[in-house]
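One-letter residues, chain by chain:
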Amino acid sequence: MAMLLKHVRNSSSLLKRHVTAAHLLLSRPFTTTEGHRPSIVHKRSLDILHDPWFNKGTAFSMTERDRLDLRGLLPPNVMSPDLQIERFMVDLKRLEVQARDGPSDPNALAKWRILNRLHDRNETMYYKVLIAKIEEYAPIVYTPTVGLVCQNYSGLFRRPRGMYFSAEDRGEMMSMVYNWPAEQVDMIVVTDGSRILGLGDLGVQGIGIAIGKLDLYVAAAGINPQRVLPVMIDVGTNNEKLLEDPLYLGLQQHRLDGDDYLAVVDEFMEAVFTRWPNVIVQFEDFQSKWAFKLLQRYRNTYRMFNDDVQGTAGVAIAGLLGAVRAQGRPLIDFPKQKIVVAGAGSAGIGVLNAARKTMARMLGNNEVAFESAKSQFWVVDAQGLITEGRENIDPDAVPFARNLKEMDRQGLREGASLVEVVKQVKPDVLLGLSAVGGLFSKEVLEALKGSTSTRPAIFAMSNPTKNAECTAEEAFSILGDNIIFASGSPFSNVDLGNGHIGHCNQGNNMYLFPGIGLGTLLSGARIVSDGMLQAAAERLATYMSEEEVLKGIIFPSTSRIRDITKQVATAVIKEAVEEDLAEGYHGMDARELQKLSEDEIAEYVQNNMWSPEYPTLVYKKE
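What you are looking at is a predicted structure, and each value in this text was computed from that prediction instead of being measured.

### Remarks on the sheet that holds strand β7 (residues 339–342)
Reasoning step 1: With respect to topology, seven strands assemble into an open sheet ordered β9-β8-β7-β10-β11-β12-β15, the strand pairing being mixed. Pairing within the sheet leaves two strands with one partner each, and these edge strands are β9 (384–385) and β15 (504–506).
Reasoning step 2: Direction of pairing for β7 relative to strand β10 (residues 429–432): parallel, over a ladder of four bridges. Bridged to I339 within β10 is V429.
Reasoning step 3: Those strands touched by helix α15 (residues 307–326) are β7, β10, β11 (457–460) and β12 (484–487), and its axis lies near 155 degrees from that of β11.
Reasoning step 4: Contacts from helix α16 (residues 346–362) reach β7, β8 (377–381) and β10 within the one sheet, and its direction differs from that of β8 by about 180 degrees.

Pasting the structure below:
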C-alpha cells in the first residue's frame, strides 16, 4: 500500500511538472533579468564615480550615496535620468562651437568629442542619449562623422576602448585575449584599417569604425555594452603619410601580405573563439583583396559575417525590392529589373551576388534560374564596362562579365563608359558602389531619362558623403520627382515645389547588421547562413507600408531603429530554426525555439534587448 501511494504521489508530481512546464512554455515572458537586478560592485567612493559602467553621476539616490560612501562627493540634488539628459543637451548645444579645434574642425566632430567625454564618464547615460536622439546622433557616432574620427584618431585618442592585436603579437594572442576583463563577450567588430569607408588605408586609426558600429549594436539591438569588444588587427599600413608621422599610434611598417597576413588573422580568430566560443565576429572595412577570402575562410567554421560584403548587399537588396514595390509592381517582378552597377569592389560584388541569388530564388531556385539571373546586370568599374574581353579580370567579377557578341548587338564594347552603358541599356536601376564622389554626373543622370522604367531608381550608396555618386538634389533637379533615390550617407529631402517632396532614403547598413547580430546571438546559430541574411533583407524590404513606398519612401526613419532591429532579428531567428542551425541561447534551448510562434519569437527578442537603465548598486568586499 505504501509503495502504491508513493507511486501515485510520484505520478502526480510528474504530471504537475509537465503541466507546469507546458504552462511556462505558453506563458513564459521570454525575459532575462539582465539590467533589472541589482549589480554587485567591489568599489566605493570616488572609484565608483570614475567607473563609466557603474557611475550614475547626480542620479545616485541618497540611499546609494550612503551605501557606497558617496555622500558629500556629489551635489545634494538627486536628478532623474530625464533631467540629466536635458542638462547634457543644454550643455552640448553651448559647447558645440567651443569644442571645435579651430574653424576647420566641423561641428560634427565637436559633437563627437562631447559625446565621447560622456561615454568616458557615464556609459548608461551615453546610451540613453544615443537612443533618445538616434536620428541626430547616429550620423555622429557612425557614418559620416566616423570617417572624420578615424582620420584624426591619433589626435583624438584619450583612453583605451577595445583591443589591439598587432603583427608584433604573433604567438601571444591566446594569452592576450584574457587581458580583456569581460567574462562574456557577445559581439566583436574587427577591422584591419585597410579600407575605412571610402577613405582608404587609415591603419590603426580604423578602430574608430569598430567602436562606432558597436555603439549602434548597443543602441539599436540592445546588446549589453559590457559584452561588446572593438578590435583592431594592426598588420602595418601602406599609407605613407602615416608611416612618416611621429604621432601615429600604430605599427610604422608596410602591411603584411600573403601567408604572414593570414597567420595573424587566423591566430586572432582562434584566440577569441577559444575564450568566448559563442561570440559573433563582424568583419568591417577590410580591403576587397581580403574581404572575400577571409569570409570564405571562416564563415563555415565560426559565427562571423562581413558587413561590407553581406550587410551592404542585404540593405541594397531590401532597397531594390522596395524600388519594385514603389514602381507599383509585385516583388516577383524583381528578376525583370535591368540594373547597371558602378563599382566592382567588395561591396559591389557582394550586392551583385546577393541580388543574383534573390532573382534566382524567385525564378525557381535552380541552376537555369541562377544562370539566367546574371543577364540582368551590367557592371562598370574604373576601366569601364566589364566584358569577357577584359584581360586580367578580377575572379570575383568573372560571372558578371558580359558576352562580347551580345554587347555588340546592344551597341556596347569592352570598357564602354558609364554614360554609354546607361544610354544603351536604359536601366530600371542605377546602383553606385564605386566610392567615387560625383560619378553620377549631369550627363549620366540625363542619360537615365531614357530609362524604360516608369520610375527609375538611383542608389548612390558610397560613403562617406563626399564619396556619394551624386546628391539627392542633383538627382531630383535633373530627373524630376518621378524617381526613387537612396544613398549610403544622409541627405535631406528635396522640396520640389507645389507641395511635392523628393524623398531621400538612406540605405544605411544600420538597418540590418544589428538585427543580424542579435538574431544570430539569440538563436545560437552555429553560422550566419545565406538564408539568414536573405531573411533579414526581405523583412526590411517589407517593413514599409504600401502607402509609404508609393510615395518613394523605401527605407524607414532611423527613429524606429529598435523596432526595425527587433523585426529583422525575429526573421533571422525564424530562418535559423527552419535551417536547423539554432542551438538556443541561455535559458531558451533549440527545442523551445522551434515551438515558438513568430509573435512569441518577437517577444523573446524584445525581452532580451538591453536598455540603459541605472541598476541598483550593492557593495560587496572582494
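### Focus on helix α11 (residues 207–221)
Reasoning step 1: Taking 1.5 Å of rise per residue, the 15 residues of α11 would be expected to cover 21 Å, and the 21 Å separating its terminal C-alpha atoms lies within 8% of that figure.
Reasoning step 2: Burial within α11 is extensive, with 15 of its 15 residues counted as buried.

### A word on the nonpolar core
Reasoning step 1: Within the largest apolar cluster, 163 residues are counted, with the highest numbers of intra-cluster contacts made by I188, F268, M269, V281, F283 and F459.
Reasoning step 2: No other element matches the 11 residues that α15 contributes to this core.
Reasoning step 3: Residues in contact with M269, not counting those within four places in the same chain, are V281, F283, Y298, Y302 and M304.
Reasoning step 4: Formed by 31 residues, the second largest nonpolar core is a distinct cluster that contains A475, I478, L479 and I483.

### Considering the layout of surface pockets
Reasoning step 1: In this structure, the second largest pocket spans a volume of roughly 550 Å³.
Reasoning step 2: What lines the second largest pocket is a set of 26 residues, among which G350, N353, A354, K357 and D530 lie closest to the centre.
Reasoning step 3: At the level of elements, α14 (288–298), α15, α16 and α23 (530–541) are the ones that each hand at least two residues to the lining of the second largest pocket.
Reasoning step 4: Broken down by element, the lining of the second largest pocket gets its largest block of residues, seven residues, from α16.
Reasoning step 5: For the lining of the second largest pocket, a count of residues per class yields 11 nonpolar, nine polar and six charged.

### Observations concerning the UniProt feature "binding site: a divalent metal cation" (unreviewed entry) in the chain
Reasoning step 1: Mapped onto the present numbering, the UniProt feature "binding site: a divalent metal cation" (unreviewed entry) falls on E284, D285 and D308. In sequence the annotated residues extend across 25 residues, while in space they remain close, none of their C-alpha pairs exceeding 6.5 Å.
Reasoning step 2: Looking at the element boundaries, D285 is found in the loop between β5 (280–283) and α14.
Reasoning step 3: Apart from residues no more than four positions distant in its own chain, D285 is found in contact with T191, D192, G193, S194, R195, I196, L197, I209 and D308.
Reasoning step 4: Of the polar contacts made by the side chain of D285, one reaches the backbone nitrogen of L197; its length is 3.1 Å.
Reasoning step 5: Its place among the elements puts D308 in helix α15.
Reasoning step 6: Here D308 falls in the buried class, since its relative accessible area comes to 6%.
Reasoning step 7: Excluding residues that lie within four positions of it along the chain, D308 makes contacts with R195, F283, E284, D285, F286, S346 and A347.

### Structural notes on the UniProt feature "binding site: (S)-malate" (unreviewed entry) in the chain
Reasoning step 1: Within this numbering scheme, the UniProt entry marks R195, N463 and N508 as carrying the feature "binding site: (S)-malate" (unreviewed entry).
Reasoning step 2: By the secondary structure assignment, N463 is in the loop between β11 and α21 (472–479).
Reasoning step 3: The residues touching N463, leaving out its near neighbours within four places in the chain, are T143, L197, G198, G488 and S489.
Reasoning step 4: Mapping N508 onto the fold places it in the loop between β15 and α22 (513–523).
Reasoning step 5: Overall, the relative accessible area of 4% leaves N508 in the buried class.
Reasoning step 6: Apart from the residues within four sequence positions on either side, N508 is in contact with Y142, V315 and G488.

### Side note on the sheet that holds β5
Reasoning step 1: With parallel pairing, five strands are arranged side by side in an open sheet as β2-β4-β3-β5-β6. Two strands in the sheet have a free side with no partner beyond their single neighbour: β2 (163–166) and β6 (304–306). Going from strand to strand, the sheet's axes swing by 20 degrees on average, the running direction of each strand aside.
Reasoning step 2: Here helix α13 (residues 258–275) sits on the sheet and contacts β2, β3 (187–191), β4 (228–234), β5 and β6; the angle it forms with β5, its principal contact strand, is near 150 degrees.
Reasoning step 3: Packing of α14 onto the sheet brings it into contact with β5 and β6, and relative to β6 it is tilted by some 160 degrees.

### Remarks on empty space enclosed by the protein
Reasoning step 1: Using the criterion set out here, one finds four cavities of 30 Å³ or more in the structure.
Reasoning step 2: One number sums up the size of the largest cavity: a volume of about 120 Å³.
Reasoning step 3: Lining the largest cavity we find 16 residues, and of these W112, N116, Y153, R161 and I211 sit closest to its centre.
Reasoning step 4: At the level of secondary structure, the elements contributing two or more residues to the lining of the largest cavity comprise α5 (107–121), α8 (145–151), α9 (153–156) and α11.

How each quantity is defined
- Within any chain, residue numbers begin from 1 and follow the written order of that chain's sequence.
- For a predicted model such as this one, the threshold for reporting local features is a pLDDT of at least 70, and the threshold for listing and counting side-chain atom pairs is 80 or more; totals across whole chains, interfaces and linings nevertheless cover every residue.
- Hydrogen atoms and water are omitted, and side-chain values are computed over all heavy atoms in the structure.
- The pairing criterion is simple: DSSP has to find at least two bridges between the two strands.
- Secondary structure elements are taken from DSSP: a helix is a run of H or I of four residues or more, a strand is a run of E of two residues or more, and numbering for both begins at the N terminus.
- What makes two residues a contact is simply this: any of their non-hydrogen atoms within 4.5 Å.
- Each axis is a line fitted through C-alpha atoms, taken for helices only over the stretch in contact, and angles between the N-to-C directions span 0 to 180 degrees.
- Helix span, as expected, comes to 1.5 Å for every residue beyond the first.
- With a 1.4 Å probe rolled over the protein chains alone, any residue whose accessible area is under 20% of its type maximum counts as buried; one over 50% counts as exposed, and the rest are partly exposed.
- Note on terminology: a nonpolar core comprises buried Ala, Val, Leu, Ile, Met, Phe, Trp, Tyr and Cys residues joined through side-chain atoms within 4.5 Å.
- Any residue with an atom within 4 Å of a point lines the site, the site being either a cavity, points on a 1 Å grid over the protein atoms alone where a 1.4 Å probe fits but cannot get out, or a pocket, an open set with protein on both sides within 12 Å along at least 5 of 7 lines.
- Grid points are joined across faces, edges and corners, and a volume is the space filled by probe spheres set on the points.
- Three categories are distinguished: nonpolar for Ala, Val, Leu, Ile, Met, Phe, Trp, Tyr, Cys and Pro, charged for Asp, Glu, Lys and Arg, and polar for the others, with Gly belonging to the last.
- UniProt positions are given in the numbering used here, feature names are shortened, and annotations may be inferred rather than shown by experiment.
- N or O atoms closer than or at 3.5 Å make up a polar contact, with two conditions inside protein: a donor-capable atom paired with an acceptor-capable one, and, for residues adjacent in sequence, both atoms drawn from side chains.

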